[in-house]
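Chain residues, written in single-letter form:
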Amino acid sequence: MEIIDSHTHWGPSVSMGIEVTTEELLRQAEQSSVNRIVIFPFPSMALADEGINERLLKEANRVKKFIPYYYIPETMKPIPDGKGFWGGKWHWMRGIQDCSSNYQALEDPKLGEFIEASEKIDLPIVFEEELAFTEAFVKKTKILKLIIPHLGMLGGSPVDFLPAFKAREHICFDTALSSPDTIMKFIEKIGHERIVFGSDIPFGTMKWELEKVLSLPISDDKKEWILSKNLRRLIRLT
Ligand SMILES: [Zn+2]
């Protein structure tokens, strides 16, 4: 069964003073038989130096297991088309890092252009904001594919995210750091088709996060969708 980790951080983190190296990600992948790894830069690194997107892309060209995502900068530049990125990461746009949404970002005239360009590129964006921000953002979109990390845990409560986006077929969720019970609740309510496996290294480990999904009381077929096929469909990886 192919396994793709849809959520890891690669490179240095300015705010945490650590670095997640290629070797570390490959070591964890080897240990857990993970075939491919989605990587994106740490927020603090991307804010300090936008050039990290380029360096990450270069590394992904060298290491074939990597699937590079583009960190969307505060200028709201959409994922550059045709450069080799397979998705994007939207992280508390102009907000206080990992803490609270800045609702003024929703009023930025550039947002409309950003959404239009992103829908045209048709790649998923790992999208992290508070629930009310996410709802307001989603209202502005038509077909934009979002992956909400941690089943919405950092933007509020998964219990609230679930009903808010139940009817939105193009909104998916990743399993990183969430409990098996909550993952099951999501599978029961919106189906396994909208759930993707992620570890959120360095905040989680591939081994632990993967074991959690493997131990869910669902068929192997459904696990395979969560572990790789859903993400393949989202990023159109053939
Ligand atoms: Zn993360």
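Structure first, text after, so check above.
It should be emphasised that the depicted structure is a prediction, and the values quoted were computed from it without experimental measurement.

Parameters at a glance
- Residues numbered from 1 in each chain as written.
- Predicted model: local features only at pLDDT ≥ 70, side-chain atom pairs only at ≥ 80, totals over all residues.
- Heavy atoms only, no water.
- Helix = DSSP H or I, 4+ residues; strand = E, 2+ residues; numbered from the N terminus.
- Rg over C-alpha atoms; globule rule 2.2 N^0.38 Å.
- Contact = heavy atoms within 4.5 Å.
- Areas by Shrake-Rupley, 256 points an atom, 1.4 Å probe, with all protein chains shown as cover.
- Lys, Arg positive; Asp, Glu negative; His and termini not counted.
- Charge placed at Lys NZ, Arg CZ, Asp CG, Glu CD.
- Core = buried A, V, L, I, M, F, W, Y, C linked by side-chain atoms within 4.5 Å.
- Buried < 20%, exposed > 50% of the residue type's maximum accessible area, 1.4 Å probe, protein only.
- Pairing = 2+ DSSP bridges.
- Donors = N, O, S within 2.8 Å, 3.2 Å for Na, K, Ca; no water.
- Polar contact = N/O pair within 3.5 Å; in protein donor to acceptor, adjacent residues only side chain to side chain.
- Salt bridge = Lys/Arg side-chain N within 4 Å of Asp/Glu carboxyl O.

A. Structural detail: the overall build of the protein chain. A count of helices and strands for the protein chain gives nine helices and nine strands. A compact globule built from 238 residues would reach a C-alpha radius of gyration of about 18 Å, and the protein chain, at 16 Å, matches this within 12%. Each principal axis of the C-alpha distribution contributes one length, and for the protein chain these read about 45 × 40 × 35 Å. Of the contacts formed within the protein chain by residues at least 6 apart in sequence, a portion of 67% connects residues at least 24 apart. Put simply, the protein chain shows about 10400 Å² of open surface, and 53% of that area lies on carbon and sulfur atoms. Once the 30 positive and 35 negative side-chain charges of the protein chain are each reduced to a mean point, those two points are 4 Å apart.

B. Molecular detail of the nonpolar core. Ranked by internal contacts, the top residues of the largest apolar core, which has 62 residues, are Trp-90, Phe-114, Ile-125, Phe-137 and Phe-173. In terms of residues, this core owes the most to one element, helix α7 (residues 180–190), which gives five residues. If near-sequence neighbours (up to four positions away) are discounted, Trp-90 is found in contact with Ile-72, Met-76, Leu-111, Phe-114, Ile-125, Val-126, Phe-127, Glu-128, Glu-129, Phe-133 and Phe-137. In terms of nonpolar packing, the next biggest core, distinct from the first, is built from 13 residues, Val-38, Tyr-69, Leu-234 and Leu-237 among them.

C. Structural context of the pairing of strand β4 (residues 66–71). The buried count for β4 comes to six of six residues, which makes it a mostly enclosed element. Side-chain alternation along β4 places Phe-66, Pro-68 and Tyr-70 on one buried face and Ile-67, Tyr-69 and Tyr-71 on a second face that is also buried. Across three bridges, β4 lies against strand β5 (residues 87–91) in parallel orientation. By the bridge assignment for β5, Tyr-71 is matched with Lys-89.

D. Region of interest: α7. Listed as buried for α7 are Thr-182, Ile-183, Met-184, Phe-186, Ile-187 and Ile-190. Contact partners of the buried residues in α7: α6 (158–165), β8 (171–174), β9 (195–196), α8 (206–214) and α9 (220–235).

E. Here's a closer look at the coordination of the zinc ion. Listed as protein donors to the zinc ion are His-7 (NE2), His-9 (NE2) and Asp-200 (OD); their distances from the metal cover 2.1 to 2.2 Å. Read N to C, the donor residues that coordinate the zinc ion are spaced as H-x1-H-x190-D. Among the residues examined, His-7 registers a relative accessible area of 1% and is labelled buried.

F. Representation of the side chain of Lys-89 within the structure. Here Lys-89 lies in strand β5. Side-chain polar atoms of Lys-89 contact the side chain of Glu-128, separated by 3.5 Å. Among residues more than four places away in sequence, those in contact with Lys-89 are His-9, Phe-40, Tyr-70, Tyr-71, Ile-72, Ile-125, Val-126 and Glu-128.

G. A look at the sheet that holds strand β1 (residues 4–13). An order of β2-β1-β3-β4-β5-β6-β7-β8-β9 is seen for the nine strands of this open sheet, with the pairing classed as mixed. Across the chains shown, the open sheet's two edge strands, defined by having one partner strand only, are β2 (18–20) and β9. Looking at chain direction, strand β6 (residues 125–128) and strand β7 (residues 146–148) are connected through two bridges and run parallel. From the neighbouring strand, Val-126 faces β7, where its bridge partner is Ile-147.

H. Highlighting the pattern of salt bridges. All chains considered together, the criterion is met by twelve salt bridges. Across the pair Asp-122 and Arg-236 runs a salt bridge, and its minimum N-O distance is 3.5 Å. You can see Asp-122 sitting in the loop between α4 (110–121) and β6 and its partner Arg-236 sitting in the segment after α9, a full 114 residues away along the chain. Note that Lys-207 is salt-bridged to Glu-211, the shortest N-O span being 3.0 Å. Residue Lys-207 and its partner Glu-211 are located together in helix α8, separated by four residues, close to a single helical turn. Looking at Lys-207, the relative accessible area reads 38%, which means it is partly exposed. Look at the salt bridges and you will find they share partners, linking Asp-122, Lys-145 and Arg-236 into a network.

Everything listed here is a matter of geometry and, on its own, says nothing about what the molecule does.
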